[in-house]
Amino acid sequence: MPESPAVNGPQAVKKWLTELARGSRLWIKATAAAGTVAGLATIVQMVLLARIVHLGVIDEIPVPELTPLFIGLVIAMVVRAVGQGFQSRFAARCSEQARRDARRQIHNHWQATGAVELGKSSAGTLTREWLDHVEALHGYFARFLPQIILALIVPLLVLAVVFWLDWLAAIFLVLSAPLIPLFMALVGMGAEKLNQQHFETISRLSGQFLDKVRGLTTLQLFGQTARAAELIRERSERYREFTMKTLRVAFLSSAVLEFFASVAIAVIAIYIGFGLLGYISYGPADELTLFSGLLILLLAPEFFQPLRTLSQHYHDRASALGAGAEILERLSSPVARVPSAELQEITAAQDLIELESVSKSFRVGHPALTDLSLVIRQGEVIALTGPSGGGKSTLLHLLAGFITPDTGRIQVFGRAPGSFRFGWLGQKGFLVHGTWADNLRLTTPDASDIAIETALQNVGLGYLLQNRRDGIHSPVSEDGQGLSGGQARRLSLARIFLADYHLILLDEPTAGLDTDSEIFVLEALHKLALAGKTLIFSTHHQALLTLANRVLLVSGGEVRNG
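These lines cover the structure that appears in this document, whether it is placed above or below. (Residues numbered from 1 in each chain as written. Predicted model: local features only at pLDDT ≥ 70, side-chain atom pairs only at ≥ 80, totals over all residues. Heavy atoms only, no water.)

**A look at the overall build of the protein chain**
Thought 1: If you tally the helices and strands in the protein chain, you get 18 helices and eleven strands.
Thought 2: Going through the 562 residues of the protein chain one by one, you find that 48% of them count as buried.
Thought 3: Pairs at least 24 apart in sequence give 78% of the contacts found in the protein chain among residues at least 6 apart.
Thought 4: As displayed, the protein chain has an accessible area near 27,600 Å², and 59% of this comes from carbon and sulfur atoms. (Helix = DSSP H or I, 4+ residues; strand = E, 2+ residues; numbered from the N terminus. Buried < 20%, exposed > 50% of the residue type's maximum accessible area, 1.4 Å probe, protein only. Contact = heavy atoms within 4.5 Å. Areas by Shrake-Rupley, 256 points an atom, 1.4 Å probe, with all protein chains shown as cover.)

**Topic: helix α3 (residues 67-113)**
Thought 1: Relative to the 69 Å expected for 47 residues at 1.5 Å per residue, α3 spans 69 Å between its end C-alpha atoms, a close match to the ideal helical length.
Thought 2: Backbone geometry just downstream of α3 places Gly 114 in the positive-phi region, at approximately 90°. (Expected span 1.5 Å × (residues − 1).)

**Focus on the side chain of Ser 359**
Thought 1: For Ser 359, the position within the fold is in strand β1 (residues 352-363).
Thought 2: A distance of 2.8 Å separates a polar atom in the side chain of Ser 359 from the backbone nitrogen of Asp 371. (Polar contact = N/O pair within 3.5 Å; in protein donor to acceptor, adjacent residues only side chain to side chain.)

**A few points about the packing of aromatic side chains**
Thought 1: In the structure shown here, the tally under the stated rule is twelve aromatic pairs.
Thought 2: Aromatic side chains Phe 172 and Tyr 271 sit 5.6 Å apart centroid to centroid with 75° between the ring planes, which places their arrangement in the edge-to-face category. Of this pair, Phe 172 sits in helix α7 (residues 167-176) while Tyr 271 is found in helix α10 (residues 225-277), placing the two residues 99 residues apart along the sequence.
Thought 3: Among the residues examined, Tyr 271 registers a relative accessible area of 5% and is labelled buried.
Thought 4: Ring centres 6.4 Å apart and planes at 40° place the aromatic pair Phe 413 and Phe 420 in the tilted group.
Thought 5: Phe 420 sits in the buried class, given a relative accessible area of 18%.
Thought 6: Joined through ring pairs, the aromatic side chains of Trp 27, Phe 86 and Phe 90 make up one cluster. (Phe/Tyr/Trp six-rings, centres within 6.5 Å; stacked < 30°, edge-to-face > 60°.)

**Focus on the packing of helix α1 (residues 10-22) against helix α6 (residues 138-165)**
Thought 1: Between α1 and α6, whose axes approach to 12 Å, the crossing angle comes to 85°. With respect to their mutual orientation, α1 and α6 come out roughly perpendicular. Residues Leu 17, Leu 20 and Ala 21 of α1 form the contact with α6, whose own contacting residues are Tyr 140, Phe 141 and Leu 145.
Thought 2: Class assignment for the residues of the contact of α1 with α6 results in six nonpolar, no polar and no charged. (Axes fitted to C-alpha atoms, helices over the stretch in contact; angles between N-to-C directions. Parallel < 35°, antiparallel > 145°, perpendicular 65-115°, else oblique. Nonpolar A, V, L, I, M, F, W, Y, C, P; charged D, E, K, R; others polar.)

**With respect to the sheet that holds strand β8 (residues 503-507)**
Thought 1: Spatially, the six strands line up as an open sheet ordered β5-β8-β9-β3-β10-β11, and their pairing is mixed. The sheet is open, and its two borders are formed by β5 (423-425) and β11 (558-561), each paired with just one other strand. Across this sheet, the average inter-strand angle for adjacent strands is 20°, counted without regard to direction.
Thought 2: Pairing between β8 and strand β9 (residues 534-538): five bridges, direction parallel. Paired with Leu 503 across the strands is Thr 534, a residue of β9.
Thought 3: In this fold helix α17 (residues 515-530) packs onto β3 (381-385), β8 and β9, with an angle of close to 145° to the strand it touches most, β9. (Pairing = 2+ DSSP bridges.)

**Focus on the side chain of His 397**
Thought 1: Residue placement: His 397 occurs in helix α12 (residues 392-400).
Thought 2: The residues contacting His 397, other than those within four sequence positions of it, are Val 116, Phe 402, Ile 403 and Trp 424.

**Overview of the sheet that holds β1**
Thought 1: If you trace the three strands from one edge of the open sheet to the other, you get β2-β1-β4, paired in antiparallel fashion. The sheet is open, and its two borders are formed by β2 (366-377) and β4 (407-412), each paired with just one other strand. Averaged over all neighbouring strand pairs, the angle between strand axes comes to 25°, with direction disregarded.
Thought 2: Of the pairings in the sheet, the one linking β1 to β2 comprises eight bridges and is antiparallel in character. The partner of Ile 353 across the bridge, within β2, is Ile 376.
Thought 3: Across the sheet, α12 is in contact with β1, β2 and β4; its angle to β1 comes to roughly 120°.

**A look at the nonpolar core**
Thought 1: If you look at the biggest cluster of nonpolar residues, it comprises 60 residues, and the most contacted ones within it are Trp 16, Leu 17, Leu 137 and Phe 141.
Thought 2: Considering every element that reaches this core, the biggest residue donor is helix α11 (residues 290-331), with 16 residues.
Thought 3: Among the nonpolar cores identified, the runner-up in size contains 41 residues, and Val 381, Leu 431, Val 521 and Ala 548 belong to it. (Core = buried A, V, L, I, M, F, W, Y, C linked by side-chain atoms within 4.5 Å.)

See below:
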C-alpha cells in the first residue's frame, strides 16, 4: 500500500494518484491493449468500407463479388465491439482496484486516528470522504489513464495509414493535433481549482446538514431553526454556484475542442475535394483516388477521436485531483496511535494490564494524567471514581487505545491497547437503524437467535422482548425510538454478553438511568464479574463501587487507592 504524503498540495496529490495506479498497472495496460485492438479493427473497417465503395462506384464490380469484403467488414465491426467491451470491463476492474486501495488507506487511518479524535469530525464529512470522494477517482483510473496511452497509440496508427495514402493530408493532421492537448492543459488549470473547491464545499455542507438534523430538537428548544435553515440555504447556494462553474468550464472546453477538431477535418475534406476535382496539383494531390480520398476522410475523425475522448476525460482528472486533495488532508492528519501492524508485540505479562510512568495532556499546562503507574490483574473489577474532569475517561480511552500517552508505556495482557477485541460501553449507547438482532450482530455477525435472546435476558430486557410481537426482529431506530434511555443502554450492553470479551471498559454505565435500569445494569455487570471478565469502569454510583475489587480515586491527574 502506498504511503500517504505529508502534504496535500497538487504535486502530493499527483504522486498519491500515481502510487495508487501502480497497484492497477496490469489493468491499465489491459484496458489500453483492448482499446488498441478496437482501434486497429476500426482502421480495418474503414479500409474495407472505402474499398467497397471504390470498387462498386468506380470499377463497377457486382455486389456478389464484393461478398468477401462485406464479410470482412462485419468481422471488423464485431472485433471492434468486442475490443470496446473488454476495454470497458478492464477499465472497471482497474478503477475498482484503485478505489479499494484508497478506501483501505482511509480505513487504516481511521483506525490509527482512534475513536476520540475521529469523533471530532462530522459524520457527514467522513461519509463524503468514504463514498463520494473515493467514487470521484473512478473516471481517472477507468477512463483518463488508459486514454492517455490510447491517445498516443491509435492516432499514430491512423497517421501511419494516412501518410502511406497521402503525406500532405498527414501533415495537416500533425499540425492540427497539438491544438487539442494545448487547450486541454489551459482548461485543466482552472478546472482543478474549481473541483477542489467543489469537494470542499460539499463536504462542509454534508457535515453541517447532518449536524443540524441530529440537533433539530435542540434547535427548536432554543428557537434557532430559522437561523440554521438560512445557514443551510447559504451553503447550498454556494455549492450550486461551484457546481455551475464546473459545468460551465466542462461544456465550454468541450465546445472549443470540438470546434478545432471539426475545422481540421474540414480542411482535409476541402483538400481532398479540390484534389479529386483537379484544382490542386501540389504534391500527392494528383494521385488521389476515390479509395484513398474516402479512406482519409473516414480516418480523419478516428485520428481526432482518442484526443477528443481524452479531453472529455480530462475533467475526470480534475475531479480526481480535487477529491484526492480532500482525501490526503484526512490521511495527513495526525494519528492518535501507532499503525496496527506494530501493535502485535507480545510480552511475558499476558495476564496483567500495566501502565508505567504514563502522562497525557490535551493542553499545555493542563495534564489529564501525570506519571501514572498502575497494575491490574486479569479478572479484577476496577472502579474509577473522582470528580468530573479528573481523568477517568482519559484513563479508559488510553486503555482502549483510542488515544496514546505522551510519555510512558501501556501493555494490556501483553499487547498494545486496541490491538485486540474488547468490550466498550460509553455514556450513550450506540444503535443503528434496523432490528434488535441487527444491533447485536454488529459485533458478532454469526450469533444465533437463541444466543441473542439469552444476551437480552442477561441485561434484563427479557420482559420487553416478550411483549414485542416481532421479538428480536422488532425495529429500532438510530436514536432508540420506542426504547427508554436505560433500555437503549442495556441493548448496547447486551452486545458485550454476546461477544464474550475478556476485557470490558465502561464509562459511567449507570449515568442518567432510572432506578429500574440501574438495577438491571448492576445485575448484568455482576454476572460478567462472576464469569471472570476484567471490568474497568468509571462511576459515582455507590452500588457500583461495592461491586469492585478495587476502587481507584482519579483526581487532578493522579490515581490512588480509594
